[in-house]
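# Close look at the chain arrangement
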Amino acid sequence: MADHLYELLSPHFLDSDARLSQEATTIRYLNRLPTLSLQALQTTERQSLSQSAHSTLLSLQALSNRSHKAFITTADNLSNLHSSIAKLTSQTQDLRNAIPKLDEEAVQFSLKYSRAAENATLEQRKKVLGLSRNVDRISDILELPTLLATAVSSAAANSGNTGASFSTTYSAALDLYAHIKRLQTLYPDSSLVKDVATQAEEAMREMTSNLIGALRGQNLRLAAAMRTVGWLRRVSPELDTLHGDGGTNAGGGGALDALFLICRLANLISTLEALDPLKELADQELQRRVQSPDQKSGNGSWADGHQTEKYLKRYIEIFREQSFAIVSLYKNIFTPDQSESESGVTEIRGIDARIRTAQTSQADRTHDPFQCLPPALATFPTHLVELLTDTLRTYLPNLQDKTARESLLTQVLYCAASLGRLGGDFSMVLSELVDTDDEETGLVYEWEEVMRKHRALAGRLEQLTGTNPTSPTGSSKGTLQPTSPAAA
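So, a few notes on the structure that sits alongside this text.

Thresholds applied
Residues numbered from 1 in each chain as written. Predicted model: local features only at pLDDT ≥ 70, side-chain atom pairs only at ≥ 80, totals over all residues. Heavy atoms only, no water. Helix = DSSP H or I, 4+ residues; strand = E, 2+ residues; numbered from the N terminus. Buried < 20%, exposed > 50% of the residue type's maximum accessible area, 1.4 Å probe, protein only. Contact = heavy atoms within 4.5 Å. Areas by Shrake-Rupley, 256 points an atom, 1.4 Å probe, with all protein chains shown as cover. Phe/Tyr/Trp six-rings, centres within 6.5 Å; stacked < 30°, edge-to-face > 60°. Patch = residues over 30% accessible without salt bridge, like charges linked within 9 Å, V, L, I, M, F, W, Y side chains within 5 Å. Salt bridge = Lys/Arg side-chain N within 4 Å of Asp/Glu carboxyl O. Lys, Arg positive; Asp, Glu negative; His and termini not counted. Charge placed at Lys NZ, Arg CZ, Asp CG, Glu CD. Axes fitted to C-alpha atoms, helices over the stretch in contact; angles between N-to-C directions. Parallel < 35°, antiparallel > 145°, perpendicular 65-115°, else oblique. Left-handed = near helix turned anticlockwise from the far one by under 90°. Nonpolar A, V, L, I, M, F, W, Y, C, P; charged D, E, K, R; others polar.

### Considering the overall build of the protein chain
Of regular secondary structure, the protein chain possesses 18 helices and zero strands. When burial is assessed residue by residue, the protein chain has 31% of its 488 residues classed as buried. Taking the intrachain contacts of the protein chain between residues at least 6 apart in sequence as the baseline, contacts between residues at least 24 apart amount to 70%. Split by element, the accessible area of the protein chain, about 30,900 Å² in all, is 54% carbon and sulfur.

### Considering the packing of aromatic side chains
Taken as a whole, this structure holds five aromatic pairs when the rule is applied. Here Tyr330 and Phe334 contribute two aromatic rings whose centre-to-centre distance is 4.8 Å and whose plane-to-plane angle is 35°, an arrangement assigned as tilted. Of this pair, Tyr330 and Phe334 are both found in helix 13 (residues 306–334), four residues apart, which corresponds to roughly one turn of the helix. On the basis of relative accessible area, Phe334 is assigned to the buried category, the value being 9%. In textbook terms, an aromatic cluster arises when at least three aromatic residues are bridged by ring pairs, as seen for Phe260, Tyr330 and Phe334.

### Comments concerning the environment of Ala376
Note on placement: Ala376 falls in helix 16 (residues 376–395). Placed 116 residues apart in sequence, Ala376 and Phe260 show a C-alpha to C-alpha distance of 9.6 Å.

### Points about unusual backbone geometry
In this model, Asn219 sits at a positive phi of 55°, which is unusual for a non-glycine residue. Mapped onto the secondary structure, Asn219 falls in the loop between helix 9 (191–215) and helix 10 (222–235).

### Focus on a negative patch on the surface
A contiguous patch of negative charge on the surface is contributed by Glu273, Asp276, Glu280 and Asp283. In terms of residue count, the dominant contributor to the negative patch is helix 12 (residues 276–291) (three residues).

### Structural notes on the packing of helix 10 against helix 13
Packing of helix 10 against helix 13 brings their axes to within 10 Å, and their N-to-C directions diverge by 55°. The angle between helix 10 and helix 13 places the two elements in the oblique class. As helix 10 packs across helix 13, the resulting crossing turns out to be right-handed. Contacts between helix 10 and helix 13 involve Leu222, Ala225, Met226, Val229 and Arg233 from the first element and Leu329, Asn332, Ile333 and Phe334 from the second. By residue class, the composition of the contact of helix 10 with helix 13 is seven nonpolar, one polar and one charged.

This is how it looks when you write it as structure tokens:
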């Protein structure tokens with residue numbers, strides 16, 4: 001029945017598209033009409049349709065208000081749908097054409113980075129990956145020179161301290177340097193390790209300079225000196241031998257013992273240079289004596305000489321203290337045996353004979369002309385004595401007061417006795433200070449009188465202590481007794 005009604009009403013619809021879109025709804029409504037009564041059709045159906053239309057209109061308005069943007073976007077996309085489909089088709093065709101080229105590149109990549117054969121690129125990539133994995137270790141290695149330089153500079157800054165921190169800092173620096181040398185042994189072909197070792201060598205040279213400077217410091221104690229020498233042996237082991245071919249110093253310390261004596265001698269000279277103000281006054285008295293040798297006071301004594309006496313007295317005091325300390329430190333640090341000590345004394349006594357023997361045997365040497373160098377301590381006291389005798393020979397004539405001269409000569413003899421306890425007595429050398437031409441002035445007889453008094457005092461001390469000295473000053477060994485006309 002609904003079909004027949006639809007056929008009757010279809011000519012009254014607007015167009016074919018509207019009929020097609022409303023066909024299902026119209027059929028449902030036509031199926032509903034037979035179920036209504038005639039009275040309902042005449043009275044309530046029209047109102048029901050109006051109400052439904054109004055409700056639908058409100059729903060459409062609400063939907064338009066909420067989703068108008070989506071409707072506009074949809075309409076735009078719908079209008080561009082044809083061009084988008086054409087563009088998609090073109091891009092699909094380009095992708096299809098690029099697939100063979102992509103396949104070719106993939107095959108080429110597979111052949112290039114194949115593990116079947118050696119590949120430089122893969123090796124480089126492996127190195128880069130290994131570097132990435134070990135970046136922390138490499139960073140630690142790169143920090144080693146900085147840590148070493150910091151330790152050396154910190155130790156140099158705290159060099160005045162004698163506590164454990166100073167020793168610990170240098171020990172830590174030496175441990176770091178040993179670790180770097182071990183890395184260099186393990187990886188001799190590594191350029192990184194070579195650069196680190198080069199920087200470490202620079203830090204070690206600075207540390208060596210600091211240690212040598214410490215040996216030249218004031219008031220060097222035995223413990224500090226032994227530590228410093230021990231560190232120098234670790235930093236520069238080549239100092240223990242004079243030559244790389246095995247020629248060693250007879251003193252047993254190689255070049256290190258000579259370096260130690262040179263540093264302490266530099267300290268002694270710098271200490272004596274502090275007496276320059278007194279020395280200038282003594283030079284003025286020396287100049288006045290030379291210019292007017294006959295100027296005397298009324299009582300027969302020289303008017304000048306007091307400043308010279310002060311200078312020489314202070315000079316001898318410093319020389320006695322420092323020379324004894326130098327030789328004592330040397331013997332305690334390098335500890336030569338008895339045979340070496342005796343050979344050193346023999347070298348001191350016969351220095352001229354040894355030089356002549358070395359000159360005659362020089363033609364027979366085939367390797368190193370310096371392989372027969374004497375021990376460092378053998379010639380060092382001779383140099384010390386030369387410093388003292390030169391000063392005394394220059395300024396002692398300024399003193400014309402007999403009491404002042406005897407006091408200074410006695411002080412010099414005590415200095416000789418002090419050094420003689422370590423095998424370096426030079427009391428007989430002092431006899432050469434007075435020339436034979438000075439016999440008229442009485443200096444020779446004064447010297448003999450001072451020596452006679454000193455020997456008498458040494459004899460009384462021998463009786464009191466029960467010792468048996470073999471030298472004029474009571475030293476037991478190692479005296480320096482050259483033969484000279486004045487001594488005879």
